[in-house]
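# Structure assessment
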Amino acid sequence: MKQSRSCPVCESMVATLLHYNELAPIDMLDMSYSLSECNNCNFIFADKLPSNSQYLFYYEKLSKYDTQVTVSDVDRYRTEKAVSFLTERVSKDATILDVGCGFGVMLSALRDAGYTNLSGIDPAPHSGLQASEQFKFNEISQGTIEGINKAANLSEISLICLMCVLEHLPDIKSNLSNLAKQLQYGTKLMVEVPALDLYDGTGGEPFGELSIEHIQYFTATSMTNFLNSLGFKIIDAELFAIPHLKSGSLFVLAELSTEIQKIAPDRHTKMRDYLRNSELRWQAALKNIPDELFVLYGAGSHSARLVPKLTEKQKNNLVAVIDGNVNLHGKKFGGWEVEPPEAIKKYSELSILISSYRSEKLIADSIKTKFQNQKLKLMYSDV
Ligand SMILES: [Zn+2]
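Owing to the predicted nature of the structure, the values given are computational and were not obtained by experimental measurement.

### Re the nonpolar core
In terms of nonpolar packing, the biggest core is built from 44 residues, with Tyr217, Met271, Leu306 and Phe333 touching the most fellow members. Elements that contribute at least two residues to this core include exactly strand S2 (33-38), strand S3 (44-47), helix H1 (52-62), helix H8 (271-286), strand S12 (294-297), helix H9 (301-306), strand S13 (318-322) and strand S15 (336-339). Broken down by element, this core gets its largest block of residues, six residues, from H8. A domain-level breakdown of this core finds at least three residues from each of domain 1 (65-276) and domain 2 (289-378). If we skip the residues at most four places from it in the chain, Met271 touches Leu18, Leu35, Ile44, Leu196, Tyr199, Leu210 and Tyr217. Formed by 39 residues, the second largest nonpolar core is a distinct cluster that contains Ala152, Leu176, Ala195 and Phe218.

### A short note on the sheet that holds S15
Pairing within the open sheet is mixed, and its six strands lie in the order S14-S15-S13-S12-S16-S17. Each of the sheet's edge strands pairs with one partner strand only, and the pair in question is strand S14 (332-333) and strand S17 (375-378). By the bridge criterion, four bridges tie strand S16 (residues 351-354) to S17 in an arrangement that is parallel. Bridge pairing in S17 links Ile352 to Leu376. Running at roughly 175 degrees to S17, helix H11 (residues 360-370) makes contact with S12, S16 and S17 of the sheet.

### Some words on helix H7 (residues 220-229)
Those residues of H7 lying buried are Ser222, Met223, Asn225, Phe226, Leu227 and Asn228. Those residues of H7 that are buried lie in contact with helix H6 (172-181), strand S8 (188-194), strand S9 (216-217), strand S10 (232-242) and strand S11 (247-256). Positioned one or two residues after H7, Gly231 has a phi angle of 100 degrees, which is positive.

### Here we look at the layout of surface pockets
Taken as a whole, the second largest pocket encloses approximately 300 Å³ of empty space. In terms of lining residues, the second largest pocket is bounded by 17 residues, among which Arg5, Leu49, Asn52, Pro170 and Asp171 are the most central. No other element matches H6, which puts three residues into the lining of the second largest pocket. Residues that form the lining of the second largest pocket fall into these classes: seven nonpolar, five polar and five charged.

### Thoughts on the packing of helix H2 (residues 73-87) against helix H3 (residues 105-112)
Relative orientation and spacing of two packed helices are given, respectively, by the angle between their axes and the distance between those axes. In the contact formed by H2 and H3, the axes pass within 10 Å of each other and the chain directions differ by 50 degrees. Considered as vectors, H2 and H3 are oriented oblique to each other. The handedness of the crossing between H2 and H3 is right-handed. Residue-level contacts link Thr79, Ala82, Val83 and Leu86 of H2 to Val105, Met106, Ala109 and Leu110 of H3.

### A short note on the coordination of the zinc ion
Think of it this way: four donors in a tetrahedron around the metal ideally sit 109.5 degrees apart, and six in an octahedron ideally sit 90 or 180 degrees apart. Cys7 (SG), Cys10 (SG), Cys38 (SG) and Cys41 (SG) make up the full set of protein donors to the zinc ion, lying at 2.3 Å. The coordination sphere of the zinc ion comprises four donor atoms, whose angles at the metal cover 100 to 117 degrees; the geometry is tetrahedral. With relative accessibility at 1%, the residue Cys38 sits in the buried group.

### Observations regarding the packing of aromatic side chains
Scanning all chains against the criterion turns up 10 aromatic pairs. Seen from their ring centres, Tyr58 and Tyr59 are 5.5 Å apart, and the 75 degrees between their planes marks the pair as edge-to-face. Judged by its relative accessible area of 27%, Tyr59 falls in the partly exposed class. Between Phe103 and Phe135, the aromatic rings sit 6.1 Å apart at their centres with planes inclined by 10 degrees, giving stacked as the arrangement. Linking Phe103 in the loop between strand S4 (95-99) and H3 with Phe135 in helix H4 (residues 127-135), this pair joins segments that are 32 residues apart in sequence. Of the two residues, Phe103 and Phe135, both sit in the buried class. A connected cluster of aromatic rings, assembled from ring pairs, spans Phe43, Phe45, Phe218 and Phe226.

What counts and how
- Residues numbered from 1 in each chain as written.
- Predicted model: local features only at pLDDT ≥ 70, side-chain atom pairs only at ≥ 80, totals over all residues.
- Heavy atoms only, no water.
- Core = buried A, V, L, I, M, F, W, Y, C linked by side-chain atoms within 4.5 Å.
- Buried < 20%, exposed > 50% of the residue type's maximum accessible area, 1.4 Å probe, protein only.
- Helix = DSSP H or I, 4+ residues; strand = E, 2+ residues; numbered from the N terminus.
- Domains from an automatic or database assignment.
- Contact = heavy atoms within 4.5 Å.
- Pairing = 2+ DSSP bridges.
- Axes fitted to C-alpha atoms, helices over the stretch in contact; angles between N-to-C directions.
- 1 Å grid on protein atoms, 1.4 Å probe; cavity = no way out; pocket = protein on both sides within 12 Å on 5 of 7 lines; lining within 4 Å.
- Points joined across faces, edges and corners; volume = space filled by probe spheres on them.
- Nonpolar A, V, L, I, M, F, W, Y, C, P; charged D, E, K, R; others polar.
- Parallel < 35°, antiparallel > 145°, perpendicular 65-115°, else oblique.
- Left-handed = near helix turned anticlockwise from the far one by under 90°.
- Donors = N, O, S within 2.8 Å, 3.2 Å for Na, K, Ca; no water.
- Tetrahedral: all angles 85-135°; square planar, octahedral: opposite > 155°, others 65-115°.
- Phe/Tyr/Trp six-rings, centres within 6.5 Å; stacked < 30°, edge-to-face > 60°.

These figures capture arrangement, not role.
Spelled out as structure tokens, the structure:
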């Protein structure tokens, strides 16, 4: 039974349902959730979540975070912007701890910008090794935000970075208030989250902001409320648009302070417009599902959202599910077992529906190099 969450910003238990994000079970794990808006402070968050142990299982066994070792153009752009935001505001002698640092993309960029006291922690077991190999950066240890004091001496840290972390945490309020209790006044916090202020359902992946992993949807106002509720005062905040994705990031620099701040309700967020526009484009994309037997390429968030929307006839037509993520091979996706891309040769007569927004052309090209005559169906070329 999925439990209701209290609002991660103001802890009110009264919220309004905006949307049900139904997702097909992956390896028997149902990661569906409700999208709720707090009636008190208007923060929008994922409610009725899977349990913590299900999230841990998902990140350990199924997520592709641990298998990605290349830096995408978008991540490079975000990192550049984050580093220039910091260099304008934080001196080079700062002692910086990057929590949830991945394989050190941000840390190595900070090093290249002239910072020298740098370390990071990440839950993924191979992050440290990957950072050494890829960036010659050797200061990453394995750890989580809950166990942060075991991995770092917090009294020596002057800046903590949480880059693309807060939108993921099921226990965000207790994680961050425990962290704040262990910090000295004056310690700074740099945060990056996807910015609800920049959501735009007229482009990008329909409902793509409601992924399996993202369960908090911050605006500049609600992030201010959240950090204020933990005792941080805002030093500066900036929105960075990523125009071709119709989305972007919010960067906030804050400082632990003794001042008490009030919560200001966050009216008129863009979520309702985003949901409405996503629905229109989603319906248009669904028209590209083949009307005959087909194979689905992709077993991530996009397919998890797609499969529950298939009609009975389309479900009967769906023969197989393929994905490149080795963590998924052999696992159940909805009622199908995920097969590796090589399995396409078994289905040479069938159309392949490419279930991805960002990578549909890339996937189509890579299938074409190995299986020239395969019929391919894209969902977004005309949406
Ligand atoms: Zn609230």
